[in-house]
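Chain by chain, the residues:
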Amino acid sequence: MTDGKVQPTEREQLRERCEREDVIMFINSCFAATRQNEYYTDLYRTSVSIEFLHRYVLINYRLLYARTLAAGINHFNQQQIIFNLLEAGAPADTKQRTEEGSLIATALRKLPANRVYALFTRLQQNRVNNRRTRAVIKSYLAWRREPEFDAIKYRNKYRAAAAHVHSRLDTELGRFLFERPSQKPYTTPLLNQYRQAQYSAAAIYELPFTVAESLAQKHQIPRDVFLKKIEPKMTAAEKLRLQSTAARTKGVEIEFDLSRAGLTKLALYILSLKQSEHAARAEELQAALEAAADKALTRAPLSLDRVATILDRSRSATGSREKRNRPLAVALAASTLLRRAATEYRAFWTPTQKENPFELLTYATGQTALAEPLLDALEWRPDLIVIVSDGYENDPPQLVDQVARVYRDAIGKAETPEIVHMNPVFDADHYAPRRLGATIPTVGLRDAEDIPIMLGFAKFTAGTATLDELERYLALRVNRMLNSDGT
């Protein structure tokens, strides 16, 4: 006993450390993990690893598992957590049950609608139909402002969800979803337009793009004609997604306002262009990237002094077939965001390529060599060094951590700049984004826009914070999420 306080036993300290590391590993994984192929890991290994992580944390740390919904994790893991919580049923503790219910409802309203309806379909297919699940689905369907739009766009999933929970629907909506198609008109304009589009090719241009696209095939409308006429109905995200498709379709050019794209999505779009188009539009694209970074910093302010980044553009930064160029796009977006947030900034790309005034002209090639650019960055003496890499250092292997450790030992911890490794790729073999070593803390990174959050979370992965501090951090995030008016 010291100063009247009972010191924890060695056993209690070990348990606290295990719990802290388990929860941190889980949250860190939820920033980067998806059920998709990665450059080094296939879909099966990734799926097994993620499923195990979720089950383990749900069973052992249910309160913190639910609170992870507020930590800023990616949409895939939010879906997974909500499914597991609903499948497990409500907890016995009233306070915990109320908080979980609020987190689930709030998270659902922030998720894209296509992900929510996919989640409802999964619940229906797995026969998860307890009282809480029914209440959650009914509440979400009642909250939607345009149920007829959802009914058209996600028809099968909407019908499955409504039938699964025996939801009371509007008479016309019920007829549209559950009765055989007929020529009897609807009084709801959108439903009537959809009915007309079944028989008239001209009527499909009044429908949302994704619905009209399938009907265009039914009416055998040429792709170029369809894209030209449906363009006014496209959302900004659809226009961005279809830029490359339109370029391959002769005679079609879809106008797209670059200022409406998010930073990381814009970087992905830029990297999908041909190098010749990069060079021709470099100034325009660079200005759009900087504008997107400024917007991101307005939503999540970040002010830094002297910052250096080490950006991995090795061959593996091309990503997988499903996530083409994503690691490289995150590095490009991160560099743009940190440049705008810092008073002084330098980027060290690796491997070295011919210098170009525009970062967006970069491309992925070669091996991952992080030690040499780290030495260059340390020589510049920044306050913060951010490494954006998938963590597969192979030229030479595992040297960057030794460089950081030796530098810290020689210069002193107080004089060493903070070094954070941000990894956009999940490593299924280690249940977490791959680390560079014990000296450099690693955090998962979904999008570059999340960097302000991840810099705050890095202290937990560095092992300098206690379990109590982590719990307070999550409680604070929960409070912000439940009291925000963003829903």
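As recorded in an unreviewed UniProt entry, the protein goes by the name TROVE domain protein, listed as coming from Gimesia fumaroli.

Student: Explain the overall build of the protein to me, using residue names and the numbers behind them.
Tutor: Within the protein, the secondary structure is distributed over 23 helices and 7 strands. Across its three principal axes, the protein shows a C-alpha extent of roughly 80 × 65 × 40 Å. Expressed as a percentage of its 487 residues, the buried residues of the protein come to 53%. For the protein, the proportion of contacts with a sequence separation of at least 24, taken over those separated by at least 6, is 68%.

Student: Would you mind going over the side chain of Glu 99 in detail, with residue names and values included?
Tutor: Following the sequence through the fold, Glu 99 ends up in helix α5 (residues 94–110). In contact with Glu 99, other than residues within four places in its own chain, are Leu 63, Arg 67 and Val 478.

Student: If you had to explain helix α20 (residues 371–380) to someone new, which residues and values would you point to?
Tutor: Every buried residue of α20 is listed here: Ala 371, Pro 373, Leu 374, Ala 377, Leu 378 and Trp 380. On its buried face, α20 is in contact with β1 (304–312), β2 (342–350), β3 (384–388), α21 (400–411) and β4 (418–423).

Student: Quick rundown of the sheet that holds strand β7 (residues 442–444)? Include the residues and the values.
Tutor: One open sheet accounts for 5 strands, arranged β2-β1-β3-β4-β7; its pairing is parallel. Looking along the sheet, the strands with just one partner apiece sit at the ends: β2 and β7. Across the sheet, the mean angle separating the axes of adjacent strands is 25° when strand polarity is ignored. Sheet analysis places β1 next to β2, joined by 8 bridges and oriented parallel. Bridge pairing in β2 places Val 307 opposite Tyr 345.

Calculation rules
- Residues numbered from 1 in each chain as written.
- Predicted model: local features only at pLDDT ≥ 70, side-chain atom pairs only at ≥ 80, totals over all residues.
- Heavy atoms only, no water.
- Helix = DSSP H or I, 4+ residues; strand = E, 2+ residues; numbered from the N terminus.
- Buried < 20%, exposed > 50% of the residue type's maximum accessible area, 1.4 Å probe, protein only.
- Contact = heavy atoms within 4.5 Å.
- Pairing = 2+ DSSP bridges.
- Axes fitted to C-alpha atoms, helices over the stretch in contact; angles between N-to-C directions.

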